[in-house]
Amino acid sequence: MSDNIKTSEILDILKSKISGFAPQSDEVEVGRVIQTGDGIAQIWGLDNILSGELVEIDTENGKVVHGMVMNLEEETVGVILFSDYELVTEGCTVRRTESVAEVPVGEELLGRVVDPLGMPLDGLGPINTERRNRVEVKGPGIVKRQNVSEPLQTGIKAIDAMIPIGRGQRELIIGDRRTGKTTIAVDTIINQRKTEGADKVYCIYVAIGQKRSSVVQMVETLRKHGVLSQTIIVAATASDPASLQYLAPYAATAMAEYFRDNGMHALIIYDDLTKHSQAYRELSLLMRRSPGREAYPGDIFYLHSRLLERAAKMSDEYGSGSLTALPIVETQEGDVSAYIPTNIISITDGQIFLEANLFNSGLRPAINVGISVSRVGGDAQLKAMKQTASSLRIDLAQFRELAAFMQFSSDLDASTKQQLSRGERLTEILKQHQYAPIDVFKQIMILKAGITGRLDKYKTEKLLIYQDQLFEFLDSKAADFMADFKKAKAFTPEIEEAAVKVFSDFEAGFRPDSVEAGIDSGYTLNLSMALSQRTSRISRDMFKLVERLTARELASPSLETEIEEIMTGKDVNETDRFEELISSCKIIDYDKNKSLKALFEKAAKELESDTMDRKQINQKLIEREQSSSTALSPFFAIPHIVVDEKDKFDLLIVRSRKGITFNDDKKSVHSIFFLAGSIDQRHFHLVVISSLAQIVQDPGFESGWMDAKNPAALRELLLKIQRSKKKKDRTNE
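Residues numbered from 1 in each chain as written. Predicted model: local features only at pLDDT ≥ 70, side-chain atom pairs only at ≥ 80, totals over all residues. Heavy atoms only, no water.

### Some points on the sheet that holds strand β4 (residues 64-72)
And then number 1: Within the closed barrel, the six strands sit side by side as β1-β2-β5-β4-β3-β6. Their pairing is antiparallel. The mean inter-strand angle of the sheet, taken between neighbouring strand axes irrespective of direction, is 45 degrees.
And then number 2: The sheet contact formed by strand β1 (residues 30-37) and strand β2 (residues 40-44) spans five bridges and is antiparallel. Bridging from a neighbouring strand, R32 pairs with W44 of β2. (Pairing = 2+ DSSP bridges. Helix = DSSP H or I, 4+ residues; strand = E, 2+ residues; numbered from the N terminus. Axes fitted to C-alpha atoms, helices over the stretch in contact; angles between N-to-C directions.)

### So, unusual backbone geometry
Peptide bonds are trans in most cases, and residues, glycine excluded, mostly fall at negative phi.
And then number 1: That bond from D271 to D272 is cis: its omega, -5 degrees, falls within 30 degrees of zero.
And then number 2: Along the chain, D272 turns up in the loop between β13 (265-271) and α6 (273-286).
And then number 3: In this model, R364 is joined to P365 through a cis peptide bond whose omega is 0 degrees.
And then number 4: Tracing the chain through its elements places P365 in the loop between α9 (356-360) and β17 (373-374).
And then number 5: With a phi close to 55 degrees, D38 is a non-glycine residue in the positive phi region.
And then number 6: Relative to the elements of secondary structure, D38 occurs in the loop between β1 and β2.
And then number 7: Relative accessible area serves as the criterion here: at 58%, D38 is assigned to the exposed category.
And then number 8: In the Ramachandran plot, R288 falls in the positive-phi region, its phi being about 65 degrees despite a non-glycine side chain. (Buried < 20%, exposed > 50% of the residue type's maximum accessible area, 1.4 Å probe, protein only.)

### Topic: the packing of helix α12 (residues 414-429) against helix α14 (residues 463-476)
And then number 1: Closest axis-to-axis distance for the α12/α14 pair is 9 Å, and the angle between their directions is 55 degrees. By the angle between their axes, α12 is oblique relative to α14. Relative to α14, the crossing made by α12 is right-handed. Of the residues in α14, those touching α12 at R425, E428 and I429 are L463, L464 and Q467.
And then number 2: In the contact of α12 with α14, the residues fall into three nonpolar, one polar and two charged. (Parallel < 35°, antiparallel > 145°, perpendicular 65-115°, else oblique. Left-handed = near helix turned anticlockwise from the far one by under 90°. Contact = heavy atoms within 4.5 Å. Nonpolar A, V, L, I, M, F, W, Y, C, P; charged D, E, K, R; others polar.)

### Comments concerning the nonpolar core
And then number 1: Within the largest apolar cluster, 74 residues are counted, with the highest numbers of intra-cluster contacts made by L392, Y466 and F485.
And then number 2: Of all the elements, helix α13 (residues 440-451) adds the most residues to this core, at eight residues.
And then number 3: Apart from residues no more than four positions distant in its own chain, L392 is found in contact with A161, M162, L426, L430, L447 and I451.
And then number 4: Grouped together as the second largest cluster of nonpolar side chains are 59 residues, V114, L247, M264 and Y280 included. (Core = buried A, V, L, I, M, F, W, Y, C linked by side-chain atoms within 4.5 Å.)

### Considerations on the environment of E494
And then number 1: With respect to the helices, strands and loops of the structure, E494 is situated in helix α16 (residues 493-509).
And then number 2: For E494, a relative accessible area of 57% gives the class exposed.

### Thoughts on the pairing of strand β11 (residues 201-208)
And then number 1: The element β11 is extensively covered by neighbouring structure, given that eight of its eight residues are classed as buried.
And then number 2: Residues of β11 alternate between two faces, with V201, C203, Y205 and A207 on one and Y202, I204, V206 and I208 on the opposite face, all of them buried.
And then number 3: Of the strand pairs in this sheet, β11 and β13 are connected by seven bridges, and their pairing is parallel. Paired with I204 across the two strands is I268, which belongs to β13.
And then number 4: In terms of strand pairing, β11 meets strand β12 (residues 231-236) through six bridges, oriented parallel. Along β12, the bridge assignment pairs Y205 with I233.

### Things to note about the environment of S421
And then number 1: Turning to its location among the elements, S421 is positioned in helix α12.
And then number 2: Each C-alpha atom, one on S421 and one on K457, is 10.0 Å from the other, the two residues being 36 residues apart in sequence.
And then number 3: For S421, the side chain forms a polar contact with the side chain of R425, separated by 2.6 Å. (Polar contact = N/O pair within 3.5 Å; in protein donor to acceptor, adjacent residues only side chain to side chain.)

### A closer look at the packing of aromatic side chains
And then number 1: Going through the model one piece at a time under the given rule, you end up with 21 aromatic pairs.
And then number 2: Ring centres of F441 and F485 lie 5.2 Å apart, and the angle between their planes is 75 degrees; on these two criteria the pair is classed as edge-to-face. With F441 in helix α13 and F485 in helix α15 (residues 479-488), this pair connects stretches of sequence that are 44 residues apart. For the pair F441 and F485, a shared accessibility class is recorded, and that class is buried.
And then number 3: Taking 5.4 Å as the distance between ring centres and 80 degrees as the angle between the ring planes, the aromatic pair formed by Y458 and F510 counts as edge-to-face. Of this pair, Y458 sits in the loop between α13 and α14 while F510 is found in the loop between α16 and α17 (521-531), placing the two residues 52 residues apart along the sequence.
And then number 4: Taken together, the ring pairs connect Y458, Y466, F473, F506 and F510 into an aromatic cluster. (Phe/Tyr/Trp six-rings, centres within 6.5 Å; stacked < 30°, edge-to-face > 60°.)

### Observations concerning helix α7 (residues 300-308)
Because the α-helix completes a turn every 3.6 residues, residues three or four places apart line up on one side.
And then number 1: Extensive coverage of α7 is indicated by the burial of seven of its nine residues.
And then number 2: Contacts made by the buried residues of α7 are with α5 (242-261), β13, α6, β15 (322-330) and α8 (339-347).

### Notes on the pattern of salt bridges
And then number 1: Enumeration over the complete set of coordinates arrives at 34 salt bridges.
And then number 2: We note a salt bridge from R95 to E56, for which the minimum N-O separation is 2.7 Å. Within this pair, whereas R95 is found in strand β6 (residues 93-100), its partner E56 is found in strand β3 (residues 53-58), the two being separated by 39 residues in sequence.
And then number 3: Taking the relative accessible area as the measure of exposure, R95 reaches 24% and is therefore partly exposed.
And then number 4: The shortest N-O distance in the salt bridge between E220 and R223 comes to 2.6 Å. Separated by three residues within a single helix, E220 and R223 lie in helix α4 (residues 212-224), roughly one turn from each other. (Salt bridge = Lys/Arg side-chain N within 4 Å of Asp/Glu carboxyl O.)

### A short note on the side chain of R167
And then number 1: Topologically, R167 is positioned in the loop between α2 (157-162) and β10 (172-175).
And then number 2: Among the residues examined, R167 registers a relative accessible area of 7% and is labelled buried.
And then number 3: In this structure the side chain of R167 is engaged in a polar contact, spanning 3.2 Å, whose partner is the backbone oxygen of P151.
And then number 4: Excluding residues that lie within four positions of it along the chain, R167 makes contacts with V148, E150, P151, L152, T195, D199, V201, H265, K313, S322 and T324.

The following block contains the structure:
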């Protein structure tokens, strides 16, 4: 009888049984995990799911793991898991959410560190936002856009002058590892703190595949420079799954689009897209997608093109907002023809190429002007900058070619020597310190001085001193000129005439030979950059202090090694001597007068000796303060002089609860450490300076300093912090 049963009849019976079945409309479609591993899950049973849709997976311990659909296959669905993927096992239930990936957006995110899902990572509590944007959306169409017409100032002379960036542009930052790519991006963010009102720029920094410690340092840097409050940091670190690293730039762009679409301006930094490509390659290979060149999937170009196309300058009808993108790409041995670099170069509107050889030679930022280009930023460049720096790129290119050609020639004619001399000076004034962006109008003035030949009469090593003092002059004695210049934004005949007078007045009082320089400014910059790579517990204030010292009488060729040993606590004998100095020095409370002049007169009286009277000491203190402010923070200052004696070192500590006005920026300095020592005590000078600079960074210093009852309590506070620091150094060893 069984032989008479036909297969077709069985199928007909089954079809008739299930033909009337229909799921309830309010039921959620459910599937099962049939395979999992390495942050990937294959799901069966979700026939109607969408690409990019979020799913929820119930694990055995009751925790819900979230994922996103990445592959739609014939029988199964490939899902990337965002967290706790090790909890997902075969057989786990999977539910559709019927919503694609979204993140919270809005001004509530400013000042916060979040993951690519918008969850806070900074421990500052939940983020309450009213709006959410889709992570993946199409970029604005042509009708919604307008030409780039507003400048985005980076504060970096070489970029704003020769490779200008406009709001709505996509400018690639490319170079080898440790050539200053992130520094350029961070300087650009810091420079946006000067923007306000309708021109204010909100910043989004995306950390992809970086160490958590690097992200923490980034947050502290932005907080220290007062720009964290207008910045969102999206972090998908190296310890996070590849799925989060893949999602991070898209989620951050969704957050940035909130500002763009509401008539505001945003800047987004992708740091970096090389690691993003690697994360996507990992996911694609695990999903068994076909590998192509360098094992990347075939849609790797589309991965970044659909991301960067979302940067735009919107038309007036759509609010005139803008989103400027600065993607970062890392190269190997300067190879810009590699797969990922060439892809992103073809997508962006120009590139800033950083060269390792220039970086190692002391040119910071290490921008190769020949390869770097901005294809649209010139349309948004200030007219005054165009008038000043239009020939700068050509001048530098000609100088470098000539220098390479003439390096083996000793017989040069006068015009060639003059061209080489001018090129050296232009190169020197393009050097710039880390995290120190410069106002664009000040940039124009120093570049004008170099291009017009005003700097030719000064030695190259004096030019950064010229620049610093020129900027101080522009802020103080030429403030009216700068106000008119900023209003005009161009060199009219009247502004041109006024600028010539400003230069003449400044140079009449500039005395480059009066500033002692033990080593050249290039070495000073190299030293500062080298020290900035040391342990994170060393303060930026310490680096600034070292920079100031290296350009004065305490400089020496061995300074870098010497400072490193001091700062890492290896100089034990001198550290013990420092404690003895604190124990025996004079400490006074001074609240009679907030005037710096009155304080210096008081200090000179206390430091007076048989070989140097108070007038000489007071004059030295004033000269030192005029050449470089000794107030390193609004709380801490360290006036320091070298006296004409031998085996001499004095320390006077002053507390002022009212505060002393050192300059316009430092109006309430409360702790002042006066040092007066002979040149034969040079090493101990550095020990004392570095020790004090580290003591004042202790979290309890400022409150303890202000609350101490008397000088004896102040002394005990300093010794307690110093001994605690020394004990910690020994423990770390």
